[in-house]
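Observations on the three-dimensional arrangement
Okay, here's what each chain looks like letter by letter:
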Amino acid sequence: MLEKLITYTDSIDLSYDQNNISFGFASLNYTESERNKFKYKLEGQNDDWIYTGHRNHAEFTNLRPGEYNFKVIGSNNDGVWNEEGVQLHISIHPPPWKTWWAYIIYAFLLLLLIRWYRSYLLARAKLRTQLEVEKIEKEKVLELDHMKSRFFANISHEFRTPLMLILGPIEDAVKKRSGPREFNMDILGAMHRNARRLLQLINQLLDISKLETGKVGLMVSEGNLEEFLKTIILSFSSLAESKKIKFEYDLPGRSVNCYFDCDKVEKILINLLSNAFKFTSEGGGVKVSLRYDKSDGPQWAEIVVTDSGIGIPAEKLEKIFDRFYQVNDSNTRTEEGTGIGLALTKELVVLCRGEISVESKPGKGSTFMVMLPVSVEQFDEDEIGMVVSEQEVRKALDKPSIEQEEEQVLEPTGSDVTETKKYAPIILIVEDNADLTNYIFRSLVKNYRILNAENGKEGLELATESIPDLVISDVMMPVMDGLEMCSKLKSDERTSHIPVIMLTARADRGSKLEGLETGADDYIIKPFDAEEMQVRVKNLIEQRKRLKEKFMKEVLSDSSEMDLPPVDQLMERLITLVTSHIADPEFMLDQLANELNMGRSQMFRKVAAITGHTPKAFILNMRLKKAASLFRSGHRHIATVMHQVGFNSQSYFATCFKKRYGITPSEYILSKGS
Ligand code: ADP
């Protein structure tokens, strides 16, 4: 809306949608006004004059928002242009969304958007890292869980075995109502050793839990560290001797007094030495050395234990000080253990304000280095106790170490085996724990002949070679575990018939099923008593005997249809082989063993184990059975039949036939022919 007449207006403001403008103009020269001419321009759109001639209006469409100057000049009828024209300033305002404040809002919104997007990205990244952390934590928890359950499996194995070796003899004695006289020194020795092993395990567990709750303090006293270490070191020399390991020590040989916590240092060194001996085999070496940083008033002592044992792979090194961690956690671990020893050692070293490190190469050996502060200034006043007396040192170390005693276990000797009943069934015990072997041995030796192997591999070899009547095997064993041995026994024709009893400390269903899958015939969960073992063994052996009788009855029965119990494949092959060679009088044992891919004595024992007959008697019986069936089917010519079933001598044939059927061949023909 104009406030004044347009003629008096210098400028107008228009909104963005008032951008189609037309001007009408007139000149004040009225003389021949029709000859008046005009020119105009709209500065801001086009700076050139536009001549309209006599036309007195101008139009502009779709003007963009902005500032314009409209100028118009007229000429008179003589063509003389006015010096001054008229002008009008036009301002077309932009639409609200294109105004500066709209742009500010846009910029503001954009900024907001960028900020939101950034925080969205950050949140996403945070979420992702959080998820990753959670994943890692979950994995850690799972790993810890796995380690814990492995630890419980191990610890239950470690506890159950000594426990049953203590409980077994006691229960036997209770049943027999006999007193301690029932126990001979071997049994007592085994019970004592196993009780000590339990105590050591429990002490280790207690130590670790005490350390965890911070209940263990440091109590150093002044003493001769070298002398102290030497007594511990010497207590291992008989173990070194029995394991045939070269054991050396290198001590400074000077009497230097220093401050140390003898209880902790003893545990540290015993753990390191036990491990060194545990993981080093016969012919290897173990060395302990002690060094001080200064010969006079030392601040630090370094104890180094080096062995030439199995070593530890580099990637596992950092984990060995973790609780329950074992580099080799398979069933076939040769070494006993729970994975607490080194964790405890490390915590003790840290408690002593020391440091422990390890260097190792698989196959070459390991070196454990312990640095301990030994000068009085390094300890608080309340950590310093009385001087360690020589006597105390001796008292602490006089008890023989478990490792030393372990070697003195009595094993059943060859003569024990031969002295037992000559024809009793043979039982093979496959067990690495000598005490447990002794225990089983004692409970079975009265009625059976016993063989013994220390691991699955030996067990497998011995079983294949001697074809025992039953195998009793532990599950966890070095070199080859019981499950693997069992499945190998069951898949070998020579040994597939032998019943296997598995001993396990793991009372869980999983390992039971695993064992049964490998073909184990029975399961005994430790701890078991001697009677349980005897009953299971007797049952299995009798069951086999009945199967054997049923088998032979079927094989030798007169009916041609055999309803054989599922004994085993080798037996089926044996029957087919003998049947196909029945006419061959030369077909004898060597050939049979050859065809069955076995040694003669293996074949002998296998056939005897399944049929209860010697192979010779078995072949003979098969020949006679065939002869009888030929007679029954109408063959009446004895000599022909005799040749058909591989006999050369008629009198021998007649004697054997009579022995088997109670009548001579001719009487048999008559009886069946009528
Ligand atoms: P464990 O009771 O199994 O011996 P430790 O905590 O004492 O437990 O040791 C943890 C693991 O570190 C062992 O299972 C073994 O694999 C490895 N280890 C420890 N000491 C030695 C060594 N001297 N040589 C080789 N391996 C070792």
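Every chain's residues receive numbers from 1 upward, in the order its sequence appears when written. Given that the model is predicted, a residue must reach a pLDDT of at least 70 before its local features are reported, and side-chain atom pairs must reach 80 or more before they are shown or counted; all residues, however, enter totals for whole chains, interfaces and linings. With hydrogens and water stripped out, all remaining heavy atoms of the structure feed into the side-chain values.

**Section: the site of the ligand**
Just so we agree on the cut-off: Summary of the distance rule: residues count as near a molecule or strand when at least one heavy atom falls within 4 Å of that molecule or strand. Definition of a polar contact: a pair of N or O atoms within 3.5 Å, with one able to donate and the other able to accept a hydrogen when the atoms are protein atoms, and with sequence-neighbouring residues admitted only if both atoms are side-chain atoms. Residue burial considers only the protein chains on display, and all accessible areas are found by Shrake-Rupley using a 1.4 Å probe. The secondary structure listing takes helices from DSSP runs of H or I that are at least 4 residues long and strands from runs of E that are at least 2 residues long, numbered from the N terminus. Under this grouping Gly is polar, as are all residues other than the nonpolar Ala, Val, Leu, Ile, Met, Phe, Trp, Tyr, Cys and Pro and the charged Asp, Glu, Lys and Arg.
With respect to spatial proximity, 21 residues lie near the ligand, and among them Lys278, Asp307, Gln326, Thr338 and Leu342 are the closest. Contacts to the ligand include Leu342, whose backbone N or O atom sits 2.7 Å from an oxygen atom. For the ligand, whose accessible area on its own is 530 Å², the fraction buried by protein is 97%. Mapped by element, the contributors of at least two residues to the shell around the ligand are α5 (262-278), α7 (341-351) and β14 (365-373). Top element by residues in the shell around the ligand is α5. It accounts for three residues. Among the residues making up the shell around the ligand, the classes are represented as ten nonpolar, eight polar and three charged.

**Concerning the sheet that holds strand β7 (residues 86-92)**
How we decide: When DSSP finds two or more bridges between two strands, those strands count as paired. Only the stretch in contact is used when a helix axis is fitted, and all axes are lines through C-alpha atoms; the angle between N-to-C directions ranges over 0 to 180 degrees.
Spatial ordering of the open sheet is given by β1-β7-β6-β3-β4, a layout of five strands whose pairing is mixed. Edge positions in the sheet fall to β1 (11-14) and β4 (46-53), since each has one partner strand and no second. With strand direction ignored, the average angle separating the axes of adjacent strands in the sheet is 20 degrees. For strand β3 (residues 37-43) and strand β6 (residues 66-75), the ladder comprises seven bridges, and the chain directions are antiparallel. Within β6, the position partnered with Glu43 by the bridge is Asn69.

**Comments concerning helix α12 (residues 456-466)**
Put simply, the rule is: Only protein chains enter the accessibility calculation, which uses a 1.4 Å probe; a residue whose area is less than 20% of its type maximum is buried, one above 50% is exposed, and one in between is partly exposed. Contacts were defined at the residue level, with two residues in contact if any of their heavy atoms lie within 4.5 Å.
Where α12 is concerned, the buried positions are Gly456, Gly459, Leu460, Ala463, Thr464 and Ser466. The elements touched by buried residues of α12 are β15 (426-430), β16 (449-453), α13 (482-491) and α18 (600-611). With a side-chain oxygen lying 2.9 Å from the backbone nitrogen of Lys457, the N-terminal cap of α12 falls on Asn455. A positive backbone phi angle near 35 degrees is found at Ile467, which sits one or two residues after α12.

**A few points about the packing of helix α1 (residues 100-175) against helix α11 (residues 434-444)**
The condition that has to hold: Just so you know how the angles are binned, under 35 degrees is roughly parallel, over 145 roughly antiparallel, 65 to 115 roughly perpendicular, and the rest oblique. Handedness of a helix crossing follows the sense of rotation of the near helix relative to the far helix, less than a right angle counterclockwise being left-handed and clockwise being right-handed.
Across the interface, α1 lies against α11 with an axial gap of 10 Å and an inter-helix angle of 25 degrees. Between α1 and α11, the angle falls in the class roughly parallel. In the packing of α1 onto α11, the handedness of the crossing is left-handed. Contacts between α1 and α11 involve Thr161, Met164, Leu165, Gly168, Pro169 and Asp172 from the first element and Asp435, Leu436 and Tyr439 from the second. Grouping the constituent residues of the contact of α1 with α11 by class yields five nonpolar, two polar and two charged.

**Comments concerning the environment of Phe368**
Relative to the helices and strands, Phe368 is located in strand β14. The spatial distance from the C-alpha of Phe368 to the C-alpha of Ala276 is 9.3 Å, given a sequence separation of 92 residues. Non-local contacts of Phe368, meaning those with residues more than four positions away in its chain, are made with Leu272, Ile303, Val304, Val305, Ile312, Ile320, Phe321, Leu342, Ser357 and Val358.

**Re the environment of Trp49**
Mapped onto the secondary structure, Trp49 falls in strand β4. Relative accessible area serves as the criterion here: at 27%, Trp49 is assigned to the partly exposed category. Beyond its immediate chain neighbours, meaning those up to four positions away, Trp49 contacts Lys39, Tyr40, Lys41, Lys71 and Ile73.

**Considerations on the pattern of salt bridges**
Side-chain pairs of opposite charge can arise whenever the charged atoms involved come near each other. Put simply, the rule reads: Salt bridge, as used here, is a side-chain nitrogen of Lys or Arg placed within 4 Å of a carboxyl oxygen of Asp or Glu.
On inspection of all chains with the given rule, the structure shows 15 salt bridges. For Lys319, the salt bridge goes to Glu143, with nearest N and O atoms at 3.4 Å. With Lys319 in the loop between α6 (314-317) and α7 and Glu143 in helix α1, the pair connects residues that are 176 residues apart, well separated along the chain. Of the residues examined, Glu143 reaches a relative accessible area of 35% and is grouped as partly exposed. Of the charged contacts, one joins Asp521 and Lys490 as a salt bridge, the two residues approaching to 2.9 Å between their closest N and O atoms. Of the two residues, Asp521 sits in the loop between α14 (509-517) and β19 (522-525) while Lys490 sits in helix α13, which places them 31 residues apart along the sequence. Taken together, the salt bridges that share partners define one network made up of Asp207, Asp261, Asp263, Lys264 and Lys267.

**Some points on a nonpolar patch on the surface**
Stated precisely, the cut-off is as follows: Only residues whose relative accessible area exceeds 30% and that form no salt bridge enter a patch; like-charged residues are grouped when within 9 Å of one another, and nonpolar side chains (Val, Leu, Ile, Met, Phe, Trp, Tyr) when within 5 Å.
Among the surface-exposed residues, Tyr16, Trp97, Trp100, Trp101, Tyr103, Ile104, Ile105, Tyr106, Phe108, Leu109 and Leu112 lie close enough to one another that they form a single nonpolar patch of about 1200 Å² accessible area. Mapping Tyr103 onto the fold places it in helix α1. Assessed through its relative accessible area of 46%, Tyr103 is described here as partly exposed.

**Remarks on the pairing of strand β13 (residues 355-361)**
Across the two faces of β13 the burial differs, with Ile356, Val358 and Ser360 buried and Glu355, Ser357, Glu359 and Lys361 not buried at all. Taken together, the seven bridges between β13 and β14 define a ladder with antiparallel strand orientation. Each bridged residue has a counterpart across the sheet, and for Glu355 the counterpart in β14 is Met371. Taken together, β13 and the strand that follows it, β14, pair antiparallel across an intervening segment of three residues, in which Gly363 is found at a positive phi of about 85 degrees.

**Topic: the packing of aromatic side chains**
A ring pair, where both rings are aromatic, is described by two values, the distance of the centres and the angle of the planes. Using the following cut-off: Side-chain rings of Phe, Tyr and Trp, where Trp is taken by its six-membered ring, are said to pair if the distance between their centres is within 6.5 Å; with planes under 30 degrees apart they count as stacked, over 60 as edge-to-face, and otherwise as tilted. Remark: a charge is flagged as sitting over a ring if the NZ atom of Lys or the CZ atom of Arg is within 6 Å of the ring centre and within 35 degrees of the ring normal.
All told, the structure shown has 26 aromatic pairs when counted by the stated rule. Relative to Phe277, the ring of Phe247 has its centre 5.1 Å away and its plane inclined at 75 degrees; by these criteria the two rings are edge-to-face. With Phe247 in strand β9 (residues 246-250) and Phe277 in helix α5, this residue pair connects regions lying 30 residues apart in the sequence. The exposure class of Phe247 is buried, given its relative accessible area of 18%. Ring geometry for Phe631 against Phe657: centres 5.8 Å apart, planes inclined by 75 degrees, an arrangement best described as edge-to-face. Highlighted residues: Phe631 in helix α19 (residues 615-632) and Phe657 in helix α21 (residues 650-661), separated in sequence by 26 residues. Just as Phe631 is buried, Phe657 falls in that class too. Following the ring pairs from residue to residue traces out a cluster consisting of Phe631, Phe647, Tyr652, Phe653, Phe657, Tyr661 and Tyr668. Looking at Lys39, its charged tip hangs above the ring of Trp49, at a distance of 5.1 Å from the centre.

**A word on unusual backbone geometry**
Phi at Ile467 is positive, roughly 35 degrees, even though this residue is not glycine. Tracing the backbone through its elements, the reader meets Ile467 in the loop between α12 and β17 (470-474). Classification of Ile467 as buried rests on a relative accessible area of 3%. The residue Val479 is not glycine, and still its phi comes out positive at about 65 degrees.

**Observations regarding the sheet that holds strand β11 (residues 285-292)**
In space, the five strands of this open sheet follow the order β9-β11-β12-β14-β13, with mixed pairing throughout. At either end of the open sheet lies a strand with only one pairing partner, and these are β9 and β13. Along the sheet, successive strands turn relative to each other by an average axial angle of 10 degrees, direction set aside. Bridge count between strand β12 (residues 300-307) and β14: eight bridges; the pairing is antiparallel. Looking at the pairing, Val304 lines up with Met369 of β14.

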